[in-house]
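Summary of the model geometry
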Amino acid sequence: MRRYFYIGVLSYTTIVMVFFAAFVSTGFLLYYSSRKLQAFDFAKSAPFNKSAQFTYNTSRILAPLVKPLLIITNTNTVIERGLDIEKNTINTIESAVILAEQIKSKKNVVKQIEKTSYQLSQLHESIPSSITQLTSTKEEIKKALLLLDGLRIFYQNSDGEYLVFFLNDRELRPGGGFIGSIGWLSLNNLEIDSLNVEDAYEIDGKLQTHHEPPYPVRTYLELPNWYLRDSNFSPDFVENVRVAETFLEDSIGKRSYKGSIGLTTHAVLGILDTIGPVYVPDYKLTITKDNFYETTQRMVERNFFPGSRQKRNFLSSLTTAIRLKLEDQELLQKKLLVSIIRSLDTKHIIVSSKQKALHKTLATLGWTGEVAKPVFDYIYPVDANVGANKVNTYIKRKFQSNITFTKTHVAHTFSIRYKNDSPIAPNPGETYKNYLQIYLAKNADVSSVSVNGNPVEVQRNNLNQHKIVGLYLEVEPQKESIISLTYKLPLSPNKQKKYQLIVQKQIGSTNNEYELKVKNNSYSLTTPLEKDFLFSFDIM
């Protein structure tokens, strides 16, 4: 049997921070916003100076707001130290702690959050939009308001069980990567009751019924049955969670979940890069970002058999070692917080919630990994590694859009240049076997699709508001391959005044670059595609 494994580790501290990193960072957000306010010369305007001072005060208030949560994650010193940078303008750590001790219940915390949100919204309104130097400050305050609202919702109803998906992005799938393991995180009164992790194969072995696989799984993975480990064949994390829950219900019984987290290998490596070498005494090993993958593979696959516990045991020991290293390391915890937020922003960590209001906040922040609704033009290229290998670490993708306007339509030629840098010596490299899906606006009229200049047949489907073009391709080691797709979108010259293009970045994908060229006005740009991209301009 082919043996899949997920290379990943997630400490209790890290898992909780996935949900709350944004919330505890709000204090930092306000602090730096306030620095911008005070640095800007308002001709000594009293109202604006007052606003700046208020932002300092608000940032101080946020430290005790998150204190009960930070006690759990051992990151309380992160916020306190960050807010104590200038003692003349921010209260000392001691005063923040004293105030925190006065907060005795969730109810009091929620009231304080609501009060702070109201005051912060007043500050947001007081900053004139006409002052371009403060545009970013207004945006930061707006984000802080979102985070406070999410924190308020979570404090009111956080108890319950959460699913954690460990995604190996070296074997990229539409939902972020091959599912190697599943975790169950239980919270009670903002404290961790338990965290249990199981191998996906172990869960799949308990399935009671047949699950019909989707076309790519049946055709290219050549599997007659569909399993949890291959269940994330949608680029939408929320949809993948829904599907996974059906497999879990069939395997272990129906359970109720408050939310879900997806964590990729890239995110784990980012965490290890941040905290540095970790010594694991149980195995007498030192783990770094450079040896993590290979070492974990060796430890997990040694004497492997279905149902073995060696993956769980090794990752448990590594998790404990990380927790011990983070204890009383304020600066290290702060750096870890920044790393996790970056992973959330770049879709290497994704989260969802069954609480509609909280999920809406997370979606607004771009952290839920959902497929966007097209506004006008829309592109979402989605890879699925169906080669049973871990070659994605060597794959580079260059996307290019060439756009031309006529009086009646927009012509869009979209291409992807794949480069497989898998080495061919001393051992033969891996071929990238990819089932590619390109999501378009539903009214896109596709005229041609080619691979390396040769026309190819494709799968065409409509799903909700999208048209999906699918095809299979291979890229050999040290070779390139170019896919090109041309389509048209109708224009309504008398009604449509603005062109908008959304390009979405796949969950878990790395090494992406995007180039946009607009022929009519000679506009062009090139940017790393680390997040979802929105381009908009007026139609001449």
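Every value quoted in this text rests on a predicted model; they were computed, and no experiment measured them. (Residues numbered from 1 in each chain as written. Predicted model: local features only at pLDDT ≥ 70, side-chain atom pairs only at ≥ 80, totals over all residues. Heavy atoms only, no water.)

**Comments concerning the sheet that holds strand β12 (residues 445-451)**
Heads up, the condition is: In this analysis, strands are considered paired if DSSP registers two or more bridges between them. Going along the chain from the N terminus, every DSSP run of H or I of four or more residues is numbered as a helix, and every run of E of two or more is numbered as a strand.
Spatial strand order, β13-β12-β16-β10-β9-β18-β19: 7 strands in an open sheet with mixed pairing. Among the strands making up the open sheet, the edge pair consists of β13 (454-455) and β19 (523-528). For strand β9 (residues 395-405) and strand β10 (residues 409-420), the ladder comprises 11 bridges, and the chain directions are antiparallel. Across the sheet, S401 pairs through a bridge with F414, a residue of β10.

**Focus: the side chain of N389**
What counts is decided by this rule: Under this definition, polar contacts are N or O atom pairs within 3.5 Å; protein pairs additionally need one hydrogen-donor-capable and one acceptor-capable atom, and for neighbouring residues in sequence, both atoms have to be side-chain atoms.
Along the polypeptide, N389 turns up in the loop between β8 (377-382) and β9. A distance of 3.4 Å separates the side chain of N389 from the backbone nitrogen of V391, its partner in a polar contact.

**Focus on the packing of aromatic side chains**
Let me state the cut-off plainly: Note on ring pairs: Phe, Tyr and Trp rings are taken, using the six-membered ring of Trp, and paired if centres are within 6.5 Å. Classes follow the plane angle, with under 30 degrees stacked, over 60 edge-to-face and the rest tilted. Three exposure classes are used, based on accessible area relative to the maximum for each residue type with a 1.4 Å probe and protein chains only: buried under 20%, partly exposed in between, and exposed over 50%. Note on geometry: a ring has a charge over it if NZ (lysine) or CZ (arginine) is within 6 Å of the ring centre and within 35 degrees of the ring normal.
Following the criterion strictly, the structure yields 17 aromatic pairs and no others. Seen in terms of ring centroids, F165 and F237 are 6.2 Å apart; in terms of plane orientation they differ by 85°. Their pairing is edge-to-face. Here F165 is found in strand β1 (residues 160-168), whereas its partner F237 is found in helix α11 (residues 237-252), with 72 residues between them in sequence. For the pair formed by F165 and F237, the shared burial category is buried. An aromatic cluster of three or more residues is present, and its members are F376, F405, Y499, Y523, F535 and F537. Here the guanidinium or amino end of R170 rests over the ring plane of Y293, the centre of that ring lying 3.8 Å away.

**Let's talk about the nonpolar core**
This is how the line gets drawn: What makes a nonpolar core is a set of buried Ala, Val, Leu, Ile, Met, Phe, Trp, Tyr and Cys residues whose side-chain atoms join them at distances within 4.5 Å. Throughout, a contact is declared for two residues whenever any of their heavy atoms are within 4.5 Å.
Core analysis: the largest hydrophobic core is formed by 48 residues, its most contacted members being Y418, L440, Y499, L501, Y514 and F535. Looking at which element gives the most residues to this core, the answer is strand β11 (residues 432-441), with 6 residues. When sequence neighbours within four positions are dropped, the list of residues in contact with L440 reads Y378, I379, V446, Q465, H466, K467, V469, L485 and Y487.

**Regarding the sheet that holds strand β14 (residues 459-463)**
Threshold: Note on geometry: axes are lines fitted to C-alpha atoms, helical ones only across the stretch in contact, with angles between N-to-C directions running from 0 to 180 degrees.
If you trace the 6 strands from one edge of the open sheet to the other, you get β14-β15-β11-β8-β17-β20, paired in mixed fashion. Of all strands in the sheet, those with a lone pairing partner are β14 and β20 (533-538), marking the two edges. The sheet shows a mean angle of 20° between the axes of neighbouring strands, direction not considered. One ladder, built from 10 bridges, connects β11 with strand β15 (residues 466-475); its direction is antiparallel. When the bridges of β15 are listed, L436 appears paired with L471.

**Describing the side chain of H348**
Structurally, H348 is set in the loop between α15 (330-345) and β7 (349-353). Look past the residues within four positions of H348 in its chain and what remains in contact with it is D169, G262, L263, T264, H266, A267, S343, K505, G508, S509 and T510.

**Overview of the pattern of salt bridges**
Rules: By definition, a salt bridge exists where a carboxyl oxygen of Asp or Glu is found within 4 Å of a side-chain nitrogen of Lys or Arg.
The tally for this structure, following the rule as stated, stands at 20 salt bridges. The partner of R173 in a salt bridge is E171, and the shortest N-O contact between them spans 3.1 Å. In this structure, R173 and E171 share a single accessibility class: buried. A salt bridge links E476 to K479, with the shortest nitrogen-to-oxygen separation between them at 3.6 Å. Residue K479 is classed as partly exposed on the basis of its relative accessible area, which comes to 44%. It is possible to trace a salt-bridge network through shared partners that takes in E171, R173, D230 and K390.

**Observations concerning the packing of helix α12 (residues 265-275) against α15**
Convention followed: Any angle that is under 35 degrees is reported as roughly parallel, and any over 145 degrees as roughly antiparallel; angles of 65 to 115 degrees are reported as roughly perpendicular and all others as oblique. Two helices that cross are described as forming a left-handed crossing if the nearer one is turned anticlockwise from the farther one by less than a right angle, and a right-handed crossing if clockwise. Residues are grouped as follows: Ala, Val, Leu, Ile, Met, Phe, Trp, Tyr, Cys and Pro are nonpolar; Asp, Glu, Lys and Arg are charged; every other residue, Gly included, is polar.
The N-to-C vectors of α12 and α15 enclose an angle of 160°; their axes lie 9 Å apart at closest approach. On the basis of their axis angle, the class for α12 and α15 is roughly antiparallel. In terms of crossing hand, the pair formed by α12 and α15 is right-handed. Only L332, K335, L336, S339 and S343 of α15 make contact with α12, whose side of the interface consists of A267, G270, I271, T274 and I275. Its residues assigned to classes, the contact of α12 with α15 comprises 5 nonpolar, 4 polar and 1 charged.

**Here's the deal with the confidence of the model for the protein**
Threshold: Here pLDDT means the predictor's own confidence in every residue, given as a number from 0 to 100.
Averaged over the protein, the pLDDT score is 78; the fraction of residues at 70 or greater is 73%. Across the protein, the secondary-structure element scoring lowest on mean pLDDT is helix α5 (residues 76-83), at 33, and the one scoring highest is β11, at 98. Here residues 1-104 is a poorly scored stretch, pLDDT under 50, and it has 241 contacts once near neighbours within four places are set aside; other chains count.

**A word on unusual backbone geometry**
Within the chain, E222 stands out as a residue other than glycine whose phi angle is a positive 55°. Positionally, E222 belongs in the loop between α10 (215-220) and α11. Phi at N452 takes a positive value of approximately 55°, unusual for a residue other than glycine. Along the chain, N452 falls in the loop between β12 and β13. We classify N452 as partly exposed; its relative accessible area is 46%.

**As for the pairing of β7**
Where burial is concerned, most of β7 is hidden: 5 out of the 5 residues are buried. Burial along β7 is two-sided: I349, V351 and S353 facing one way and I350 and S352 facing the other are all buried. Bridge count for strand β4 (residues 259-264) against β7 is 5 bridges, and the pairing is antiparallel. When the bridges of β7 are listed, G259 appears paired with S353.

**Some words on α15**
What counts is decided by this rule: Take the number of residues in a helix, subtract one, and multiply by 1.5 Å to get its expected span.
Helix length check: α15, at 16 residues, gives a terminal C-alpha distance of 23 Å against a target of 22 Å (1.5 Å per residue), a fit within 8%. K347 lies just past α15 and shows a positive phi near 65°.

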